[in-house]
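Chain by chain, the residues:
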Amino acid sequence: MTRNLLEPPETLLPESPEARDELSAGTDPTVVAAHHPAFSAAWATLAEAALESGENIAAYAYARTGYHRGLDALRKAGWKGFGPVPWRHEPNQGVLRSIAALAKAAKSIGEDEEFDRCRKLLEDSDPKSLEATGLA
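Residues numbered from 1 in each chain as written. Predicted model: local features only at pLDDT ≥ 70, side-chain atom pairs only at ≥ 80, totals over all residues. Heavy atoms only, no water.

Engineer: Would you mind going over the packing of helix α3 (residues 40-52) against helix α5 (residues 93-108) in detail, with residue names and values included?
Structural biologist: Contact geometry of α3 with α5 gives a least axis separation of 8 Å together with a crossing angle of 30°. As the angle between them shows, α3 and α5 are arranged roughly parallel. For the element pair α3 and α5, the recorded crossing hand is left-handed. Along its contact with α3, which presents S40, A41, W43, A44, T45, A47, E48 and L51, the element α5 presents G94, V95, R97, S98, A101, K104 and A105. Here the residues of the contact of α3 with α5 sort into 8 nonpolar, 4 polar and 3 charged. (Axes fitted to C-alpha atoms, helices over the stretch in contact; angles between N-to-C directions. Helix = DSSP H or I, 4+ residues; strand = E, 2+ residues; numbered from the N terminus. Parallel < 35°, antiparallel > 145°, perpendicular 65-115°, else oblique. Left-handed = near helix turned anticlockwise from the far one by under 90°. Contact = heavy atoms within 4.5 Å. Nonpolar A, V, L, I, M, F, W, Y, C, P; charged D, E, K, R; others polar.)

Engineer: Explain the packing of aromatic side chains residue by residue, including any values.
Structural biologist: Summed over the entire model, instances satisfying the criterion amount to 1 aromatic pair. Ring geometry for W43 against Y62: centres 6.3 Å apart, planes inclined by 40°, an arrangement best described as tilted. Here Y62 lies in helix α4 (residues 56-76) and W43 lies in helix α3, a separation of 19 residues in the sequence. Residue classification places W43 among the buried positions, given a relative accessible area of 16%. Above the face of the F115 ring, K107 is positioned so that its terminal group lies 4.7 Å from the ring centre. (Phe/Tyr/Trp six-rings, centres within 6.5 Å; stacked < 30°, edge-to-face > 60°. Buried < 20%, exposed > 50% of the residue type's maximum accessible area, 1.4 Å probe, protein only. Lys NZ or Arg CZ within 6 Å of the ring centre and 35° of its normal.)

Engineer: Which residues make up helix α6 (residues 112-125), and what are the values?
Structural biologist: End to end, α6 covers 20 Å across 14 residues, agreeing with the expected 20 Å (1.5 Å per residue, within 8%). All buried positions along α6 are accounted for by E114, F115, C118, L121, L122 and S125. Projected down its long axis, α6 carries its buried residues within an arc of 130°, all on one side. For α6, the elements touching its buried residues are α4, α5 and α7 (128-132). (Expected span 1.5 Å × (residues − 1). Arc of directions from axis to C-beta.)

Engineer: Tell me about α5, and name the residues and values.
Structural biologist: In a regular helix each residue adds 1.5 Å, so 16 residues correspond to 22 Å; α5 covers 22 Å between its end C-alpha atoms and thus fits that length. Within α5, 13 of the 16 residues are buried, which leaves it mostly tucked inside the rest of the structure. Looking at the residues trailing α5, positive phi occurs at G110, about 80°.

Engineer: Could you give an account of the nonpolar core, naming the residues involved and the relevant values?
Structural biologist: Judged by nonpolar contacts, the single largest core of 27 residues is most densely connected at L74, L96, I99, L122 and L135. Looking at this core, the elements with two or more residues in it are α3, α4, α5 and α6. The greatest single-element share of this core, amounting to 9 residues, is contributed by α5. With residues up to four places along the chain from it excluded, the contact list for L135 reads A100, A103, K104, F115, R119, L122 and L130. With 9 residues, the next largest nonpolar core counts A19, L23, A42 and L46 among its residues. (Core = buried A, V, L, I, M, F, W, Y, C linked by side-chain atoms within 4.5 Å.)

Pasting the structure below:
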């Protein structure tokens, strides 16, 4: 695969094996978020559960936290606010899921501009994330 030299390189977040293993083992995501507050997948899990329960304001808050912690991690990994953040790289999925949950929560409370902005961010990061998160 040839890379467009005018486009920034892909941003690949580092692994978080301890946090990932805790979440995968069924540890309550609130406990995982408390132990690993920079782990966006825990916040995304909380946001998704809140959306499923109709707790849209809680979902918005959880997703916003995962979004901001994820952006911090992306910047630390060299992301300049644009460029590819591939869905296929599992450590990236937490922040991408948080962005999608934020879009859904924003839509649920009538914040259409925020929905559009988040959806555009996902599309720009990796269009495959839209389908993976149900926003396609």
